[in-house]
Amino acid sequence: MLSLPLLRNISAIVHVTSPKITPSSSFIKMQTTRLSSAKGQTYPSDERENPGSETATDDCSKKVRVFVRRKRATKTVLTTVEKGKHEILDQKPCSLPEIEDFAYGKDSSFPPSTHTPANWEKVLEGIRTMRSSENAPVDSMGCEKAGSSLPPKERRFAVLVSSLLSSQTKDHVTHGAIQRLLQNNLLTAEAIEQADEGTIKDLIYPVGFYSRKASNMKKIAKICLSKYDGDIPSTLEGLLQLPGIGPKMAHLVMNVGWNNVQGICVDTHVHRICNRLGWVSRPGTKQKTSTPEETRESLQLWLPKEEWVPINPLLVGFGQTICTPLRPRCGICTISGFCPSAFKETPSPSSTPKKSQRS
DNA sequence: GTCCTGTATC
DNA sequence: GATACCGGAC
């Protein structure tokens, strides 16, 4: 697991323009094969059924080219803009030992993304440690795991409905609603399509926005039946077409329902914490991102893909217990030394300092 | 009063 | 960016 930590979505192309550098060139070629084959690895999957979607998209991948000429080498880091078109992210001279470190996977700062924040691995490790001692609500339930004993198609539908119901709702409330739907055999597209909306509303009460969600469940069931043979959409685009399913839930469903990681599931906690840590910014600036979607795109530019799934529960739990929206507990946070926002009055979130208004 | 792993609409 | 959607817990 710890070998080649950063290379999962990186392919390396090494052009040796001069065969004069005998000691290193053959070595580089040998390693190139290994690096290239590391690309395209998909996230561990226990079920191989995923008709419409492609694993491991290239939209976050980087290509690294190392040009060796005489005694000088240049590293060029490219990112794929669209098919066949690349954009140069970074280009600078490097020494041959540097190339060897890269080839062996020792050099964790390479490729030198302009977005990669310093010490991010230490920060992540620190948060993991804090999370293992502190108990967060997110750990107790995990509502999206609902229906894990069901057949695949029904399980996926259960995942979709759980996600829909879980927004702005405590996990145990969501869990109860799912249990009631299950007991009434109302957790398939067919059943929901036939059921009365009022019945659904009563069963899912008191989840947040239950009325709107009951209505959305009916619409979703209809779409799943007419377009997907009662299954759920297997692509991000398809999921986003469903009423009540936005980017956060669409990525969650792709992750949990299809074992297909298309993007990071960014919610309010991930959004807030990444900005506090200075891990994300508006494109081309140092300003904070203003929406979770902007955060997702910024984070995906540098965070290694193997962290894309675990980052969510990690930061959610951290955000629920320590790095809270209002008055974060920087005093007990072990990574405050790395945090540019530590011990500062949080300026951004809903700051309406209407205190001292009393006569 | 404020908080809740959001989404859709204005 | 602001607001409605929803109600319960603290």
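Since this is a predicted model, take the numbers as computed values, not measurements.

### So, the pattern of salt bridges
Summed over the entire model, instances satisfying the criterion amount to eight salt bridges. Two residues, Glu-193 and Lys-222, come together in a salt bridge whose shortest N-O distance is 3.3 Å. One end of the pair, Glu-193, is in helix α7 (residues 189–194); the other, Lys-222, is in helix α9 (residues 210–228), with 29 residues separating them in the sequence. The partly exposed category is assigned to Glu-193, whose relative accessible area is 27%. Arg-296 serves as the salt-bridge partner of Glu-293, at 2.9 Å between the closest nitrogen and oxygen. Placement of the pair is Glu-293 and Arg-296 together in helix α13 (residues 292–300), with a separation of three residues, close to one helical turn. Judged by its relative accessible area of 31%, Glu-293 is partly exposed. Three or more residues are tied together by salt bridges with common partners; here these are Glu-125, Arg-128 and Glu-307.

### Here's the deal with unusual backbone geometry
Cis geometry is adopted by the peptide bond preceding Pro-206, which originates at Tyr-205 and carries an omega value of 10°. Within the secondary structure, Pro-206 is located in the loop between α8 (197–204) and α9. The phi angle at Asp-229 is positive, at roughly 55°, despite the residue not being glycine. Tracing the backbone shows Asp-229 in the loop between α9 and α10 (236–240). Asp-229 sits in the exposed class, given a relative accessible area of 59%.

What counts and how
Residues numbered from 1 in each chain as written. Chains lettered and ligands numbered in written order. Predicted model: local features only at pLDDT ≥ 70, side-chain atom pairs only at ≥ 80, totals over all residues. Heavy atoms only, no water. Salt bridge = Lys/Arg side-chain N within 4 Å of Asp/Glu carboxyl O. Helix = DSSP H or I, 4+ residues; strand = E, 2+ residues; numbered from the N terminus. Buried < 20%, exposed > 50% of the residue type's maximum accessible area, 1.4 Å probe, protein only.

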